[in-house]
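A closer look at the structure
Take a look at the letters that make up each chain.
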Amino acid sequence: MVTQETPAGSGNQRTRYLKIENITKKFGDFVALQDISLDIYKGEFICFLGPSGCGKTTLLRAIAGLDIQTSGRIEQGGKDISNLPAAERNFGIVFQSYALFPNLTVSKNVGYGLVNRRMGKAAIGERVAELLDLVGLSDQGSKYPAQLSGGEQQRVALARALATSPGLLLLDEPLSALDAKVRVFLRQEIKALHRRLGVTTIMVTHDQEEALTMADRIVVMNQGTIEQVGTPIEIYRNPMNRCVGDFVGIMNCLSGVVTGAASVRVGAMEFDCANGVGGLTEGQAVTVCLRPEEIAVRGVASGGANSFEARISRLEFLGSFYRATLEAERLGDMKITADFSINEVRDLTLDEGATIQIALPGEHIRIFAEA
Amino acid sequence: MTEGVTTLSAAAPLARPILSRDDWIMRWGMLVLGVWLSVAVVLPLYTLLSKGLEDHAGRFVGLANFAEFFATPVLFNSIYNSLTIAIISTVITITLAFVYAYALTRSCMPGKGIFKGIAMVPILAPSLLPAISLVYLFGNQGMIKGVLMGETIYGPIGIVMGEVFWTFPHALIIIITALSMADARLYEAAESLGTSKLRTFFTVTLPGARYGVISACFVVFTLVITDFGVPKVIGGQYNVLATDVYKQVIGQQNFQMGAVVGMVLLVPAVLAFIADRIIQRKQVALISARAVPYHPKPKTRFDMAMMGFCCVVGFMILGIIAVDAFASFIQLWPYNLTLTLYNYDFDLRDGGGWASYRNSIVMASYTAVIGTVIIFAGAYLVEKIRGFTVIRSLVQFMCIIPLAVPGLVLGLAYIFFFNHPDNPLEFVYGTMAILVICTVTHFYTVSHLTATTALKQMDPEFEAVSMSLKVPFYKTFWRVTVPVCVPAILDISIYLFVNAMTTVSAVVFIYSADTTLASVAVLNMDDAGEVASAAAMGMMIVCTSAGVRVLHALLTRGIARASQAWRVR
Amino acid sequence: MRVRELCQKSALFVAAAAVGLFALGLGGGAALAKTQLLVYTAIEADELAMFKREFEKDYPDVNVKWVRDSTGIVTAKLLAEKNNPKADIVWGLAATSLVMLANEGYFQGYAPKGLDKLDPAYVDSQNNPPLWVGQRAWIASVCYNTVEGKKKGLPLPTSWQDLTKAVYKGHVVMPNPNSSGTGFLDVSSWLQLWGEEKGWKFMDGLHKNIAWYTHSGSKPCKQAASGEIPIGISFAYRGAKSKNKGAPLEIVAPKEGLGWDIEAFGIVRNTKNLAAARNLADWSVTLKANKIYNKEYAVVAMPGVAKPVKNFPKDITKKMIKNDFAWAAANRMRILKKWQSRYGAKSLPKKK
């Protein structure tokens, strides 16, 4: 599989910082990582995204040297680190559980890695103060972790990981244990911190929203392999396969058959697809994919391109928009999920049971060969 | 250049991880622990097993000794006696402990803390002590011998009574734990369905505590069948396996037959151990994470009845200790009842005198300190080592073995192993060191499990964080792991100390003229007929254990206060 | 920070060193200036402190360490250690056992200074220099609790045969000869008095009346003293001692004759402390030692020393049987085995 991608901060001269080559990790007979190769550039914010058990944490731990791969090479900053123990690699790490030392104060936690580096006491104090300031906890230094909120604890963990100025920051589901509001807030904080320090960062997450909002590039993983690497927009707009599309955002997946160089048939409908069918031959069974928000309802004329009549069988109010379940005679028993804006629903007086004219815009239709 | 490419490659280099300094230290530590456990557990047991297959001159004779054992009706009869005593004692102890635990967990009676404290008192005493008290109570000159209606206390009745006293707290702890895990929602469901109290008891309470009760049964059964303190003092001519081992080895220095009886003794203990392990594994799935703790509601009549029961049991426990204390101050029971400290003049008697008491304190202190260091550090290594899986599993298994080995068998194995002229470790034989090694080993498993539980409750990523910060693991161990685990560490050391003070079974074979012990002195003074002095020494042990317990409680409270800022409540 | 780190480091080091040193230090044994003399003995514990004190007064560079247990146990222990003896000297153990051990080649000959002052009957006559030398004799006796006897209507027994009478059923204790030297000298004396057949028959009868067999030779008398069991077959010293303390006891010397044995010593063949062992041997035959022996025992090895001991039966020395040590030693194992198989397990006491 080959992906085209647009580099983060395009136009800049990018240097490769981490080179991962053919990493395989087995636990007994179970293959956790299958021949993974990946390049990560200096200063990038990378997210490993995937369902639980996809191998993203295993890959992170292999990079850290905590669970060394079965085979394959890893290069960091031009140096082969494949076989180095964790203690001899150059990274800081933050865990979902924070792993703060409960019996040490916040300052002692942050300075934990500094004490070992023959730094003077004053220098350590200065650095700790600087870091606490960085994460906005200047006045909390003398408290114990248990006296802080979850979000504050995670920031302490972050400061501790950054204290030794590592070349690589590894975040293992750092926000999963927090409640929704704090999570959104910390997302921005971490992102801002990253912009400020420019440290190469890898974050593992199963939360697509997190990945989409924070990452320069996302690595979508499934069953021990990389499905796709790309910027958030690429991943969302142009998923390489049904699996990626399904995992990142919601995707309508209809079964169809290729009927021409740029057309597919779904049920009784023939759709034009502006992007072509990707060289698939006529008669090939395919999955036709479209995001719910890409379904057009305003200004769709009867008999227009890719348009047909559908009935709203369900309409759910989701705050900022409505999610509709549509049934169409011409599609048989396949159902379509569509997101309509509040304006559309009000202007077009959409309601459950109403029959409307919709279109599947050809430029948004993605075709994947049926497996 | 192709970027971010995932290609299939035929020949990716296999990883050959370089071990860090931490890894090396941990592996060496694990090896040292493995060697230690081999010397302290495996090799002695192996020597014991092989000894059972040899004749007096050390020639291999196969199962001849076993054949002799089973052909000797006297010895064979002991199996029957041992089983009888163990089963009866188990039934009585479990019944009493269950009701007592039920009162503590399911009633609203007042004074629960005091009753729980009283129930723990027997742990502070060697098993010889209740037997001595029983002689004063029910012996031929007993204070209340009429209660037995002409039956003699010397024999099964006395043994069972002594064993019930001695094993009661062990059973109680387990059953209390089992009953405290009850899920209130089940009771609410039963109540809302109009289920009768009795039916609720049999359909909810008992099944819920089932595994705890079974586990307690095994523990009590093993304790009784392997204990020899009680039958030694009060058994009269009623032979049991444990006293047979003692008679064969100490009385007749017939080590081969001792080894055979020891192995026979090992069988029920190992079986009970295996069964308990299987059941414990099942139990894990039983506790739902979302269980709501059960809070009893006051029911005056039920609460009063429960309190009445606890009063009776508590009175008996304290009574037995009180009788012992009283007896120790009497000039010459029953003819001269003047109070005296004469019986505390241990130096005039068998058993090593006051030196024995001092030795016991020294031995218990060494056991507590060294044992805690070895066991906690060992548990840490077993928990935290990376890789090295074969050795790790081996060591882990060796940590569990001692639980299945009765003290008598362990002590016997130590004679065979350490008192062998060809053994380079022979020099520890007859020293304080061998007593400490033996006692640490004897009580290794329970301490190891306590340490493991405490370590498992800690964040598993502390070590990963230290590695990323380039801090060696032993620094984190010292700065974080140890402080966080202080309560567990104190628990382990107090457990080791008290057990070292009271244990008789293992050390009775390996003490020497320089290292006589208080608990063994109790035995020897009783043997020589100095029963009052035996009672007096027993009291010294009880008071010392109790004092250390109190100290431990104060220390724990102090630490809890000092660390309440950071301990997660 | 530095200081603190240093503290922690040193604490770790101390802990590690403690473990290491402990094994070596305690294991190796403290190197004391005094010679440590390891003495295996069966003498009663309450006398040992005095012997140690008196001996060390005369030989200040020797430190006596006792390994004390009942005669049978010390004997069995010595036998078990036969290939690798630990003791330096066996001292105050039954002559029967010493003869047996001597036959196993356990001892080295030594004639203590002043040996000629002892009654030759107390010295090994088979070897020159002797392998063992006697110290004093201890004599069987029966302790009878007058209070309990009266209460239970038990007449004072005056002979061994009396004890087989049905009236004493369950009211007699005696030591197990396997563990107790006193127990063995009783059995041995009965067999010597009446011959094997009659002797065993007597014990069959006695067995019916025995409540239980005790581990040690002194326990029967102590149990009689406390009234736990009114009649204890024990030895005179223990009886007198208890009576002195106020126990309501009558010390009986059965009229058929009394078993007795000599407490004796022998120097172990491979001792590393030969000089100190010889010191103790020399001291043990002195007049001073014999006077100490006489404090509690009525019959000692040096003629003319013994004075009557308080509360001993008056005519006790006259009732001592003619004891054949060689026979007893030669037959000890056989007798014990036979005894064990006949009476070893007194099974569950039958309901009355």
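Residues numbered from 1 in each chain as written. Chains lettered and ligands numbered in written order. Predicted model: local features only at pLDDT ≥ 70, side-chain atom pairs only at ≥ 80, totals over all residues. Heavy atoms only, no water.

Structural notes on the overall build of chain C
Scanning chain C for helices and strands turns up 11 helices and 11 strands. Contacts in chain C between residues far apart in sequence, at least 24 positions, make up 75% of those at least 6 positions apart. (Helix = DSSP H or I, 4+ residues; strand = E, 2+ residues; numbered from the N terminus. Contact = heavy atoms within 4.5 Å.)

Quick look at empty space enclosed by the protein
Summary: where empty space remains is shown by rolling a probe the size of a single water molecule over the atoms. Residues and elements named next belong to chain C. Counting across every chain of the model gives 12 cavities of 30 Å³ or more. There is about 160 Å³ of room inside the largest cavity. In terms of residue class, the lining of the largest cavity is made up of five nonpolar, nine polar and four charged. Counting contributing residues per domain, the lining of the largest cavity is built from domain 1 (34-136 + 262-309) and domain 2 (138-259 + 327-346), each supplying no fewer than three. (1 Å grid on protein atoms, 1.4 Å probe; cavity = no way out; pocket = protein on both sides within 12 Å on 5 of 7 lines; lining within 4 Å. Points joined across faces, edges and corners; volume = space filled by probe spheres on them. Nonpolar A, V, L, I, M, F, W, Y, C, P; charged D, E, K, R; others polar. Domains from an automatic or database assignment.)

Looking at the nonpolar core
Counting residues in each nonpolar core, the largest one holds 221 residues, and the members touching the most others are Phe48 and Ile202 of chain A together with Phe509 of chain B. In contact with isoleucine 202 of chain A, not counting residues within four places along its chain, are Leu18, Ile40, Ile46, Phe48, Leu60, Ile63, Leu168, Leu169, Leu170 and Leu171 of chain A. Counting residues in hydrophobic clusters, the runner-up holds 106 residues, among them Val90, Trp132, Tyr168 and Phe235 of chain C. (Core = buried A, V, L, I, M, F, W, Y, C linked by side-chain atoms within 4.5 Å. Buried < 20%, exposed > 50% of the residue type's maximum accessible area, 1.4 Å probe, protein only.)

A look at the packing of helix 1 (residues 21-51) of chain B against helix 13 (residues 354-384) of chain B
All names here are of chain B. The contact between helix 1 and helix 13 brings their axes to 10 Å, and the two run at 125 degrees. Relative to helix 13, the element helix 1 lies oblique. Crossing handedness for the pair helix 1 and helix 13: left-handed. Two secondary-structure elements touch here, helix 1 through Met26, Gly29, Met30, Leu33 and Trp36 and helix 13 through Ile374, Gly378, Tyr380, Leu381, Val382 and Lys384. Here the residues of the contact of helix 1 with helix 13 are counted per class, giving eight nonpolar, two polar and one charged. (Axes fitted to C-alpha atoms, helices over the stretch in contact; angles between N-to-C directions. Parallel < 35°, antiparallel > 145°, perpendicular 65-115°, else oblique. Left-handed = near helix turned anticlockwise from the far one by under 90°.)

Thoughts on the domain arrangement of chain B
Residue and element names in this part refer to chain B. Partitioning chain B into domains gives domain 1 (20-51 + 355-516) and domain 2 (65-302). Each of domain 1 and domain 2 has a C-alpha centre, and the two are 27 Å apart. Each partner contributes to the interface: domain 1 provides 20 residues, whereas domain 2 provides 25 residues. Carbon and sulfur atoms supply 83% of the area buried between domain 1 and domain 2, which totals about 1,900 Å² over both sides. Among the residues domain 1 hides against domain 2, the three largest losses belong to Ala404, Leu408 and Thr502. Together they make up 25% of the total. In this assembly, domain 1 and domain 2 are joined by zero salt bridges. In this structure, the connection of domain 1 to domain 2 is made through zero residue pairs in polar contact (both at pLDDT 80 or more). For the side of domain 1 that touches domain 2, the secondary structure elements donating two or more residues are helix 1, helix 15 (407-418) and helix 20 (486-502). (Buried area = accessible area lost by both parts, 1.4 Å probe. Salt bridge = Lys/Arg side-chain N within 4 Å of Asp/Glu carboxyl O. Polar contact = N/O pair within 3.5 Å; in protein donor to acceptor, adjacent residues only side chain to side chain.)

A closer look at the packing of aromatic side chains
What the rule picks out here adds up to 42 aromatic pairs over all chains. Ring centres 4.0 Å apart and planes at 50 degrees place the aromatic pair tyrosine 154 of chain B and tryptophan 212 of chain C in the tilted group. Taken together, the residues span two chains, with tyrosine 154 of chain B in the loop between helix 5 (128-138) and helix 6 (156-180) and tryptophan 212 of chain C in strand 7 (residues 210-214). Just as tyrosine 154 of chain B is buried, tryptophan 212 of chain C falls in that class too. The rings of Phe98, Tyr102, Phe201, Phe202 and Phe302 of chain B are connected pair by pair, giving a single aromatic cluster. Its guanidinium or amino end placed over the ring of tyrosine 211 of chain B, arginine 210 of chain B lies 4.8 Å from that ring's centre, counting from NZ or CZ. A cation over an aromatic ring shows up here: arginine 332 of chain C above the ring of phenylalanine 184 of chain C, its NZ or CZ 5.4 Å from the ring centre. (Phe/Tyr/Trp six-rings, centres within 6.5 Å; stacked < 30°, edge-to-face > 60°. Lys NZ or Arg CZ within 6 Å of the ring centre and 35° of its normal.)

What about the state of the cysteines?
Per the counting criterion, the structure on display carries one disulfide over all chains. With its sulfur 2.1 Å from that of its partner, cysteine 143 of chain C forms a disulfide with cysteine 221 of chain C. Sign of the S-S torsion, about -85 degrees for the bond between cysteine 143 of chain C and cysteine 221 of chain C, identifies this disulfide as left-handed. Of the two residues, cysteine 143 of chain C sits in strand 5 (residues 133-145) while cysteine 221 of chain C sits in helix 7 (residues 219-225), which places them 78 residues apart along the sequence. We note that cysteine 253 of chain A lacks a disulfide partner, and the nearest cysteine sulfur, in cysteine 289 of chain A, lies 3.6 Å from it. Taking relative accessible area as the criterion, cysteine 253 of chain A reaches 26% and is therefore assigned partly exposed. (Disulfide = S-S within 2.5 Å.)

With respect to the pattern of salt bridges
Side chains bearing opposite charge may pair, as long as their charged atoms lie close to each other. Using the criterion set out here, one finds 45 salt bridges over all chains in the structure. The salt bridge partner of aspartate 23 of chain B is arginine 386 of chain B, with a shortest N-O separation of 2.6 Å. Of this pair, aspartate 23 of chain B sits in helix 1 while arginine 386 of chain B sits in the loop between helix 13 and helix 14 (389-400), and the two are 363 residues apart along the sequence. Between glutamate 148 of chain C and lysine 152 of chain C there is a salt bridge whose closest N-O contact spans 3.4 Å. A residue pair is termed a helical-turn pair when its members lie 3 or 4 positions apart in one helix, as glutamate 148 of chain C and lysine 152 of chain C do in helix 5 (residues 146-152) at four residues. The network of salt bridges with common partners includes Lys19, Glu21, Arg73, Glu75 and Asp80 of chain A.

What to know about the interface of chain B and chain A
Of the residues lining the interface, 40 residues belong to chain B; the matching set on chain A comes to 50 residues. Together, the buried faces of chain B and chain A total about 4,000 Å²; carbon and sulfur atoms form 58% of this surface. Linking chain B with chain A are one salt bridge. Glutamate 461 of chain B is the salt-bridge partner of arginine 61 of chain A, the closest N and O atoms lying 3.5 Å from each other. Taken together, the links from chain B to chain A amount to nine residue pairs in polar contact (both at pLDDT 80 or more). Among the residues forming the side of chain B that touches chain A, the class breakdown is 23 nonpolar, nine polar and eight charged.

Notes on the confidence of the model for chain C
Residues and elements named next belong to chain C. Per-residue pLDDT for chain C has a mean of 85; in total, 88% of the residues score no lower than 70. Here residues 21-32 scores under 50 on pLDDT; set against residues more than four positions off or in separate chains, the count is 18 contacts. Confidence drops under pLDDT 50 across residues 347-352; counting only partners more than four residues distant or on other chains, this segment forms seven contacts. (pLDDT = per-residue confidence, 0-100.)

As for the pairing of strand 10 (residues 260-268) of chain C
All names here are of chain C. Of all the nine residues making up strand 10, nine are buried; the element is thus mostly covered by neighbouring parts of the structure. Two strands pair when backbone bridges link them, and strand 5 and strand 10 are joined in this way by six bridges, in the antiparallel orientation. Along strand 10, the bridge assignment pairs alanine 137 with isoleucine 262. (Pairing = 2+ DSSP bridges.)

Comments concerning a nonpolar patch on the surface
All names here are of chain B. Taken together, the side chains of Met143, Ile144, Val147, Phe326, Phe329, Leu339 and Leu341 define a hydrophobic patch exposed on the protein surface, amounting to about 660 Å² of accessible area. Mapped onto the secondary structure, valine 147 falls in the loop between helix 5 and helix 6. Assessed through its relative accessible area of 54%, valine 147 is described here as exposed. (Patch = residues over 30% accessible without salt bridge, like charges linked within 9 Å, V, L, I, M, F, W, Y side chains within 5 Å. Areas by Shrake-Rupley, 256 points an atom, 1.4 Å probe, with all protein chains shown as cover.)

Some thoughts on the sheet that holds strand 16 (residues 321-327) of chain A
Residues and elements named next belong to chain A. In spatial order, the strands read 17-16-15-18; together these four strands make up an open sheet with antiparallel pairing. Sheet topology places strand 17 (335-341) and strand 18 (355-359) at the edges, where each strand pairs with a single neighbour. On average, each strand axis in the sheet is inclined to that of its neighbour by 50 degrees, with strand direction left out of account.

A look at the sheet that holds strand 1 (residues 16-27) of chain A
Residues and elements named next belong to chain A. The four strands are arranged 2-1-4-5 in an open sheet whose pairing can be described as antiparallel. Looking at the sheet topology across the chains shown, the edges are occupied by strand 2 (30-41) and strand 5 (79-80). For strand 1 and strand 2, the ladder comprises eight bridges, and the chain directions are antiparallel. Note on strand 2: the bridge partner recorded for leucine 18 is isoleucine 40.

What about the domain arrangement of chain C?
Residues and elements named next belong to chain C. On domain assignment, one finds that chain C holds domain 1 (34-136 + 262-309) and domain 2 (138-259 + 327-346). Taking the mean C-alpha position of each, domain 1 and domain 2 sit 26 Å from one another. Counting residues at the interface gives 21 residues for domain 1 and 18 residues for domain 2. For the pair domain 1 and domain 2, the summed buried surface comes to about 1,500 Å²; carbon and sulfur atoms form 62% of the total. A per-residue breakdown of the area domain 1 buries against domain 2 is headed by Glu44, Thr96 and Met100, which together make up 29% of the total. The shortest N-O distance in the salt bridge between glutamate 296 and lysine 241 comes to 3.3 Å. Here domain 1 and domain 2 share five residue pairs in polar contact (both at pLDDT 80 or more) between them. Every element with two or more residues in the side of domain 1 that touches domain 2 is listed here: helix 2 (45-58), helix 3 (71-80), helix 4 (95-103) and strand 10. At five residues, the largest contribution of residues to the side of domain 1 that touches domain 2 is made by helix 3.

Structural notes on the environment of alanine 500 of chain B
Residue and element names in this part refer to chain B. As for its placement among the helices and strands, alanine 500 is situated in helix 20. You can call alanine 500 buried: its relative accessible area is 0%. Alanine 500 sits 137 residues away from methionine 363 along the chain, and the two C-alpha atoms are 7.1 Å apart. Setting aside residues up to four positions removed in sequence, alanine 500 forms contacts with Met363, Ala364, Thr367 and Thr439.

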